[in-house]
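# Chain and residue survey
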Amino acid sequence: MEANRPYNAVQKVITQADGREIVIETGKLAKQADGSVVVKQGDTMLLATVVAAKDAKPDTDFMPLQVEYKEKYAAAGRYPGGFMKREGKANDSEILVARLIDRALRPLFPSDYHAEVYVTVNLISADKDIQPDALAGLAASAALAVSDIPFGGPISEVRVARIGGEYVINPKFSQMEEVDLDIMVGGTIDNILMVEGEMKEVSEEVMLGAIKFAHEEIKRHCAVQIELSKELGKDVKRTYCHENNDEELRQTIIRELYDRAYAIATSGTMKHERSEMFDALEAEFASRFTEEELVEKAPLIHKYFHDDVQKKAMRNMILDEGKRLDGRRTDEIRPIWCEVGYLPAAHGSAIFTRGETQSLTTVTLGTKLDEKVKDDVLVQGTEQFVLHYNFPPFSTGEAKAARGLSRREIGHGHLAWRALKPMVPVGEENPYAVRVVSDILESNGSSSMATVCAGTLALMDAGVKLKKPVSGIAMGLISDSATGRWAVLSDILGDEDHLGDMDFKVTGTKDGITATQMDIKVDGLSYEVLAKALEQAREGRMHILGKLTECIAEPRAEYRPFVPRIVQITIPQDLIGAVIGPGGKIIQDIQKTTGTTITITEVDDKGIVDIFGPDKESLDGALARVKAIAAVPEVGETYTGKIRSIVAFGAFVEILPGKDALLHISEIDYKRFETMEETGLKEGDMIDVKLIGVDPKTGKLKLSHRVLLPKPEGWTEREPRERRPRGEHDRNRGERQERGERREHRDRRPFREDKE
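What counts, and where the lines are drawn
Residues numbered from 1 in each chain as written. Predicted model: local features only at pLDDT ≥ 70, side-chain atom pairs only at ≥ 80, totals over all residues. Heavy atoms only, no water. Helix = DSSP H or I, 4+ residues; strand = E, 2+ residues; numbered from the N terminus. Rg over C-alpha atoms; globule rule 2.2 N^0.38 Å. Buried < 20%, exposed > 50% of the residue type's maximum accessible area, 1.4 Å probe, protein only. Areas by Shrake-Rupley, 256 points an atom, 1.4 Å probe, with all protein chains shown as cover. Lys, Arg positive; Asp, Glu negative; His and termini not counted. Charge placed at Lys NZ, Arg CZ, Asp CG, Glu CD. Patch = residues over 30% accessible without salt bridge, like charges linked within 9 Å, V, L, I, M, F, W, Y side chains within 5 Å. Salt bridge = Lys/Arg side-chain N within 4 Å of Asp/Glu carboxyl O. Pairing = 2+ DSSP bridges. Axes fitted to C-alpha atoms, helices over the stretch in contact; angles between N-to-C directions. Contact = heavy atoms within 4.5 Å. Expected span 1.5 Å × (residues − 1). Arc of directions from axis to C-beta. Parallel < 35°, antiparallel > 145°, perpendicular 65-115°, else oblique. Left-handed = near helix turned anticlockwise from the far one by under 90°. Nonpolar A, V, L, I, M, F, W, Y, C, P; charged D, E, K, R; others polar. Phe/Tyr/Trp six-rings, centres within 6.5 Å; stacked < 30°, edge-to-face > 60°. Lys NZ or Arg CZ within 6 Å of the ring centre and 35° of its normal.

Now for the overall build of the protein. Scanning the protein from terminus to terminus reveals 14 helices and 29 strands. On C-alpha atoms alone, the protein measures out to a radius of gyration of 37 Å, which is more than a quarter above the 27 Å that the 2.2 N^0.38 rule sets for 756 residues. For the protein, the C-alpha atoms occupy an extent of roughly 140 × 70 × 45 Å along the three principal directions. Across the 756 residues of the protein, 50% fall into the buried class. Carbon and sulfur atoms make up 50% of the accessible area of the protein, which amounts to about 38200 Å² in all. Averaged over its 104 positive side-chain charges, the protein has a centre that lies 7 Å from the centre of its 126 negative ones.

Another aspect to go through is a nonpolar patch on the surface. Judged by side-chain polarity, Ile692, Val707 and Leu708 come together as a nonpolar surface patch covering roughly 220 Å² of accessible area. Relative to the assigned elements, Ile692 resides in strand S28 (residues 686-694).

Looking now at the sheet that holds strand S17 (residues 433-442). Where strands meet in a sheet, backbone hydrogen bonds hold them as pairs that are either parallel or antiparallel. If you trace the five strands from one edge of the open sheet to the other, you get S11-S12-S13-S17-S16, paired in mixed fashion. The open sheet terminates on both sides in strands that have one partner only, identified here as strand S11 (336-340) and strand S16 (385-390). The mean inter-strand angle of the sheet, taken between neighbouring strand axes irrespective of direction, is 15°. Here strand S12 (residues 348-354) pairs with strand S13 (residues 357-366) via seven bridges, running antiparallel. Looking at the pairing, Ile351 lines up with Leu360 of S13. Sheet strands in contact with helix H8 (residues 447-462) are S11, S12, S13, S16 and S17, and its direction is about 145° off that of S12. Sheet strands in contact with helix H10 (residues 527-551) are S11 and S12, and its direction is about 35° off that of S11.

Looking now at the environment of Cys222. Its place among the elements puts Cys222 in helix H3 (residues 204-231). Along the primary structure Cys222 and Lys467 are separated by 245 residues, whereas in three dimensions their C-alpha atoms are 42 Å apart.

The next point concerns the environment of Ala661. Here Ala661 shows up in strand S27 (residues 659-664). Along the sequence, Ala661 and Glu276 sit 385 residues apart, while their C-alpha atoms lie 86 Å from each other. In contact with Ala661, not counting residues within four places along its chain, are Ala651, Phe652, Val653, Leu701 and Leu703.

Judged by pairing direction, the barrel is mixed, and its five strands sit side by side in the order S25-S26-S27-S29-S28 before closing back on the first. In this sheet, neighbouring strand axes are inclined to one another by 55° on average, regardless of whether the strands run parallel or antiparallel. Alignment of S28 against strand S29 (residues 701-704), held across four bridges, turns out to be antiparallel. Its bridge partner lying in S29, Val694 is registered against Leu701.

On to helix H5 (residues 271-286), then. Across its 16 residues, H5 extends 23 Å between first and last C-alpha, which sits within 8% of the 22 Å expected from 1.5 Å per residue. Of the positions making up H5, those classed as buried are Lys271, Arg274, Phe278, Leu281, Glu282, Phe285 and Ala286. Along the axis of H5, the buried positions cluster into a sector of 140°, meaning they face one direction only. Each element contacted by the buried residues of H5 is listed here: helix H4 (247-265), helix H6 (291-321) and helix H9 (494-499).

The next point concerns the packing of H8 against H10. Two quantities define a packed helix pair, namely the angle between the helix axes and the distance between the axes. Here H8 crosses H10 at 25°, and the two axes come no closer than 10 Å. Classified by the angle between their axes, H8 and H10 sit roughly parallel to one another. With respect to the hand of their crossing, H8 and H10 are arranged in right-handed fashion. Together, Cys453, Thr456 and Leu457 of H8 and Ile544, Leu548 and Cys551 of H10 make up the contact between the two elements. Of the residues that constitute the contact of H8 with H10, the class distribution is five nonpolar, one polar and no charged.

Cis peptide bonds are those with omega within 30 degrees of zero, and the linkage from Gly153 to Pro154 qualifies with 5°. Among the secondary structure elements, Pro154 is positioned in the loop between helix H2 (133-145) and strand S7 (156-163).

Glancing now at the packing of aromatic side chains. Under the defined criterion, the tally for this structure stands at nine aromatic pairs. Ring plane angle 40° and centroid distance 6.1 Å describe the contact between Tyr258 and Tyr262, whose orientation is recorded as tilted. In this pair, Tyr258 and Tyr262 both sit in helix H4, four residues apart, roughly one turn of the helix. There is no split in this pair, since Tyr258 and Tyr262 are both buried. Their ring planes at 80° and their centres at 6.4 Å tell us that Tyr432 and Phe612 sit as a pair that is edge-to-face. Remark: Phe612 occurs in strand S24 (residues 606-613) and Tyr432 occurs in the loop between helix H7 (407-420) and S17; sequence separation between them is 180 residues. Taking the relative accessible area as the measure of exposure, Tyr432 reaches 2% and is therefore buried. In this structure an aromatic cluster arises from ring pairing among Tyr432, Tyr559 and Phe612. Over the aromatic face of Tyr527 sits the side chain of Lys212, whose NZ or CZ is 5.2 Å from the ring centroid. When the ring centre of Tyr559 is taken as origin, the NZ or CZ atom of Lys465, which lies over that ring, is 5.4 Å away.

Set out below in C-alpha cells:
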C-alpha cells in the first residue's frame, strides 16, 4: 500500500478517545516548503506548510513568526461573495484561528532563534459538520514536526465541549446548540500552553476538568507527531547562530545595575515615571561607551538590562517580599471608578477606569437590517449582538498614527464579546440589534477586561435587559523553577504581563464563568497553580462586580427618549406574502409613507414583524397598516369596505387589504332588486358591511349591508327551510318516480307567455 502512494507519501493515524480518526499525511503536497502536511478527518482536509528563512536579518532580536489561516470557498463547493468573486484578505474568523495557532507555537521557538518563519494553514476540503479550527493547530505543528526548523514542540489543539454534563472532544457543528462549555486548549505532551473559550456560567471546577480532559487528547496527538518526525529523520533540527553574546558585559550589567533596578521596582511609582527611571538607568550605563562601541554593544546592553536586571528584579521582588511594581499585594485590585450616561447623545455609554486602564464604551441599538451578516465558508447567518474594540496608540502614550485594525484588536474584542454574549437578550426577548464599541483611552494591563466591565455598564445604561452583570479580571503568575516558588497576581499590570509567566483572563457573573483566555509562557505549570488562579480570579470578579452594581444596579426601565422605537407583532405565516406584496410593493409603500423600517422573519411557522420608527406617530401608522393587512376577518364584525367590482349578482367589497368578499344583491337592502343598476352602487364606493358567514369548504366570505339597516315596519324574517340529507332527498325522489308523481315547486314563478 505504501509503495502505491505518489511521492512516497507517509501517513500516520491518530485515533481519538471517541474512536474517530485523524490522518496526517506528508510527502505528497507542497514539497518545496520546509515542511508540509495534510491533516484529514472525515471529508475535512487542511494543508499546512511552514517555511523559515535561512538566516536572521541583521539587528533582529525577536522571533518574527507569521501565522496565516485561510478557508477556501471551493472547499465547501461555494462561490465567494462580493464583486471580485475570489478570496480576499483574512476575515475575523480566520484571524481568530490564526491567533490561536500563533499563541501555542510562539513560546516554543528557541529564545535565540530570530529567522523569519511563516506558517500557513489552508482549508482545502470541508465536511459541513466538522469544525476545522479544532484541527488547525495540529496541522501547523505537524508541518513543523516534519521540517528541520528548530522548535520545542510538537503541540496540538483540541476543542472541548460539555454536552449533557459530559466532556466531548472536537464536537460537530450539529452538536454545538446543546453545549454549556466550548473551549480550545493547546499544549505539548507535558504542559498546557493556551486556553480560550466561552461558557454558560460554569464553575471553576468544571473548567479545570475540561482542561485536564483536553490534555489527555493532546498527549495522544503529540505522540504520533514525535513518531512521524523520527521516522522521517526530522528530529534533528538545523543549526543556527543568530546571536553574538558578550558574557563579560552581561555580568557587569548585572553586578552594577541590579540593586538600583530593584530599588526602582520597589518604589511603587506609576507606569511612565517608572519606565523613565529604568530608561535613565540603562542610558547612564551606555554612556560610558563611545558611539562606535555602541553600534555593537547597544543591542546587547538593552537585552541584558531587560532580561537579567529589570525582569529578575521585578520577579524577585514579588517572590521575596510579596510586593508588586505599584506597591499592591498579590491579590489586590487597583482602585476602580465608573460612570454611566457620560455621552448625552449615545443610546448608552459608560466609563470604566481601573488603575491606569480606562475604557469609554458606547451602545447603539438598531434594526434587524443592522445585524452583522456572516458569510464564511462554513458558517452563514446574522449576529444580533456585536462588540468592537479599539486600541489607539495614544492610550499608551505612543506618538504614532492608527493605521487600520490590528489582529490584537480583533482578538481582544472577540474575547469581550464572548464574555457578554450569554447575558445579552436576543431573538424575541429583544427586538434590537445591539452594537457595543469600546475605545481604550488608557492602558496599563487588561484593557479587554475593562471592556467587559464597561460593556456591562453601558448596556444597562442603554436599557438593554441584561440578564446579569458581567465582570472580568486578568491574572498573572511569577514562578521560579529552581526553588519551586510561585505567586498568582490579581489584576496584572502591563509590565507584569510582559515580564511574567502567565496571562489568564477570566470573565463571569456571580453564578459562574462566561469566557476565558489563558497564555502560559513556562513549562511545568501544575493544576494546583491553575486552581489557585481560578479561585483568586473568582474573588477578584466578585469585588469588581460590586463596584459595577454600585454604579448602576440594574438596566434602566426605559430606553432614552431619542432611541428609535421598535414594536414587534406576530402574523400568520400565510399572510407574510400579503404584507410584503408583489415585488415588495406593499411593504415598501408602508415604509415610504410612514418613515419606518420594517423587517419580517419567518420563525416556527409564523412571521415576526419588527417595525422600527423614529417616533410614536410613525410607528402607529405603520402598525395599523400591517395589522389591517394581517388581520383575520371575524364573523359578526362590521367593516367599512371599498367596492372593487360590480357583477350581475352583487358586488365584491374589499373589507381588509387584499381581502375581497361578496355582497350578494339580496343582502344589499330589505327591498328586492332585480338588477345591480337599481341599487345605485358603483365601483369605488365605500360601504359598511357585516361579515355574516364563511363557506367552510371554499373559505369564501359572505357580507350583508341590509342587517345594518333598520328593519321595515312589520318585517318578519322567513325561517330558512331545513335541508334534508342528500341521500334522503334522492330516495324520496325515486319513490315519487315509481308512483308516477311529479314534484311541484311551490316557489316556481308562473311561465310568462308574453316573454320574448
